[in-house]
Amino acid sequence: MSAASCLLTDDQFLCSICLVVFTDPVTIPCGHNFCKTCITEHWNVNVQTQCPNCKEVFNTRPELRVNTFISEMAAQFRQSAQQKASSSSSEQQAAKPGEVPCDACTGTKLKALKSCLVCLDSYCETHLEPHLTRSGLKRHQLIDPVENLEGRMCTKHDKLLELFCTTDQMCVCMLCTYSDHKNHDVVPLKEEYEGKKAELGKTETEIQQMIQKRRLKIQEIKHSVELSEEDADREIADGVQVFTALKESVERRMNELIDTIKEKQRKTEKQAEGFIKELEQEISELKKRSTEVEQLSRSEDHLHILQSFRTLNTAPPTKDWTGVRVSPPSYEGTVVRAVNQLEETLSKQMKVFEVELKRVQQSAVDLTLDPDTANPWLILSDDGKQVKCGDVENNLPDNPERFDYCTCVLTKQSFSSGRFYYEVQVKGKTEWTLGVARELINRKGFITLTPQKGYWMIGLRSNNNYKALASPPVLLSLKSQPQKVGVFVDYEEGLVSFHDVDAAALIYSFTGCCFTEKLYPFFSPCYNHRGKNSAPLIISPVNHTE
């Protein structure tokens, strides 16, 4: 018997109703075993005669007979448990913080193994032994050790809270079902526990999903910041290059202007120095003649005076300085010419952008709008080159390709390699969105136009706000309002750039993109706002810049 019992677990010797070792075990027709008194009392309380474990219902109450085999095994197990409790009591340890202590221990409180819902106390191995051996105590319901056992008892009837009233959403005892909760929907605690546990599991799953979504959003935001930093660094580098060249041109023209003015001043100074030198030489000659005349006038030698008079009485040869002037040089037009030269230099630099536009225009493609993708509010021209928003919603089939909420449309043509370019007239519009979208985008309901969702776009919004629809959006500062926008895509390079065709200027570029699907040109004329934005978007033929 002892050898056989070693093959069974401890729980197999416990009645599932009282949770202690079987006393007078009986086997009911479904095969489950209970204490005879426990199952009898259970059937006396409940209306239906059913198994507490498998819930099988019996039309007539089965006749109960003690299973002698199980009874002998339970007795053997009880004896083994007593010996084990006796031999291990000296090895038990004191209850640690967070563990339930034994209420019967004096002095050092040992760790409790079970709590009794009848005695409302918790017991260690040694003090649990009477509940396993004494007939008066073995019917008590034992559970895993818990604190605050009083909280598990009904305060009105002093009975165990073993049922749950789903009507009032509260735990009740058996007697409550005959008083305050009569005719309410009442289920065993275990049944409600399983349901609540399933709900908690679902809630935990939802919370983990929310956490994961927010972690992904953090990664997305960080990635957007990284892309923004890359774009900012690139724009700064391009701006520094352009303005450095501009600064060098300005400094060069300024230095040339200064050199020109100084050269004129040097020539004036040199001319003045020549005049002054010549005048000083004449002054020296005149002073010499003055001295000779003075000396001659003092002489008493008649012959000498008469012989020298003709020579000294005549003034030495000199220049007529009456009309000689040193006029300040004229600087009129010098600054204007320098500015004109600077403008010429800048014009040459602007031609670089024109060359770039001419280069991308070589990749021009012919596009036609796809009516199967058009939002029902949109109106397409017969040739598929124009789209605008109407005043009424068209009755169109809701096929998978159609945008059902956002006023946008794709083209019939798609691209999965190489380069392509197209131009769209946006003249007269107060709102619009243009760009490219990948094939497997969401086309139903509200959509978010960001690269992370498969859209690379720029657009005009109210109050003349031009934006690149990145994440977060980038407000664009443009010198003039584009009337025609060119869109260029280099699939392998991962580049989507937008150009002001008339100004031959770059508007914005998405760089470092990773394309793995087909790309479709994307058009959204936006709502017409009662005619204020009724002008169409027009796919224009590309006139290559000369």
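Higher on the page you've got the structure.
The following refers to the structure shown. Along each chain, numbering runs from 1 in the same order as the chain's sequence is written. Residue-level local features of this predicted model are given only where pLDDT is at least 70; pairs of side-chain atoms are given and counted only at 80 or more, and the full residue set underlies all totals for whole chains, interfaces and linings. The basis for every side-chain value is the complete set of non-hydrogen atoms in the structure, without hydrogens or water.

### Section: the overall build of the protein chain
Numbering of helices and strands starts at the N terminus; helices are DSSP runs of H or I of at least 4 residues and strands are runs of E of at least 2. Assigned secondary structure in the protein chain consists of 7 helices and 21 strands. Counting across all 546 residues of the protein chain, residues that qualify as buried make up 34%. In what follows, residue pairs with any heavy atoms lying within 4.5 Å of each other are defined as contacts. Expressed as a percentage of contacts within the protein chain between residues at least 6 apart in sequence, the contacts between residues at least 24 apart total 58%. Of the roughly 33900 Å² of accessible surface on the protein chain, 52% is carried by carbon and sulfur atoms. Here's how the labels work: a residue is buried when its accessible area is under 20% of the maximum for its type, exposed when over 50%, partly exposed in between, all with a 1.4 Å probe on protein chains only. Computed with a 1.4 Å probe, the accessible areas rest on the Shrake-Rupley method; for each residue, only the protein chains presented here act as cover.

### Regarding the sheet that holds strand 11 (residues 409-410)
What the 6 strands build is an open sheet, ordered 11-20-13-14-15-16; its pairing is antiparallel. In this open sheet, the two strands that pair with only one neighbour each are strand 11 and strand 16 (474-476). Sheet topology places strand 14 (residues 455-461) next to strand 15 (residues 465-468); 4 bridges connect them, and they run antiparallel. What sits directly across from Arg461, in strand 15, is Asn465. Here, a strand pair is defined by DSSP locating no fewer than two bridges between the strands.

### As for the pattern of salt bridges
Each salt bridge in this description consists of a side-chain nitrogen of Lys or Arg and a carboxyl oxygen of Asp or Glu lying within 4 Å of one another. Inspection of the entire model under this criterion finds 14 salt bridges. Between Arg419 and Asp490 there is a salt bridge, with its nearest N and O atoms 2.9 Å apart. Linking Arg419 in strand 12 (residues 419-425) with Asp490 in strand 17 (residues 484-490), this pair joins segments that are 71 residues apart in sequence. By relative accessible area, which is 9% here, Asp490 ends up buried.

### Observations concerning the nonpolar core
If you look at the biggest cluster of nonpolar residues, it comprises 37 residues, and the most contacted ones within it are Trp432, Phe510 and Phe523. Each nonpolar core is a collection of buried residues, namely Ala, Val, Leu, Ile, Met, Phe, Trp, Tyr and Cys, held together in the definition by side-chain atoms within 4.5 Å. In terms of nonpolar packing, the next biggest core, distinct from the first, is built from 24 residues, Val26, Ile28, Cys38 and Cys51 among them.

### Digging into helix 2 (residues 36-45)
Residues of helix 2 that are buried include every one of Cys38, Ile39 and Trp43, and no others. Buried residues along helix 2 cover an arc of 125 degrees about the axis, so they all sit on one side. Looking at the buried residues of helix 2, the elements they touch are strand 1 (25-27) and strand 2 (33-35). The reported arc concerns the directions from the helix axis to the C-beta atoms and nothing else.

### Topic: the packing of aromatic side chains
For any pair of aromatic rings, the description consists of the separation of the ring centres together with the inter-plane angle of the planes. Any pair of Phe, Tyr and Trp rings, taking the six-membered ring for Trp, is counted once the centres come within 6.5 Å. Such a pair is stacked with planes under 30 degrees apart, edge-to-face with planes over 60 apart, and tilted for the rest. Applying the stated criterion across every chain yields a total of 12 aromatic pairs. Seen from their ring centres, Tyr422 and Phe523 are 5.7 Å apart, and the 45 degrees between their planes marks the pair as tilted. Of the two residues, Tyr422 sits in strand 12 while Phe523 sits in strand 20 (residues 519-524), which places them 101 residues apart along the sequence. Across the pair, exposure class does not vary: Tyr422 and Phe523 are buried alike. Geometrically, the ring pair formed by Trp456 and Phe515 is edge-to-face, given 5.0 Å between the ring centres and 85 degrees between the ring planes. With Trp456 in strand 14 and Phe515 in the loop between strand 19 (505-510) and strand 20, the pair connects residues that are 59 residues apart, well separated along the chain. The exposure class assigned to Trp456 is buried, which follows from its relative accessible area of 6%. Judged by relative accessible area, Phe515 falls into the buried class, the value being 11%. By way of ring pairs, the aromatic residues Phe403, Tyr455 and Phe522 are connected into one cluster. Only Lys NZ and Arg CZ are tested; either one counts as a charge over a ring when it is within 6 Å of the ring centre and within 35 degrees of the ring normal. Its end group placed over the ring of Trp321, Lys319 keeps NZ or CZ at 4.7 Å from the ring centre.

Any functional reading would require information that these geometric values do not contain.
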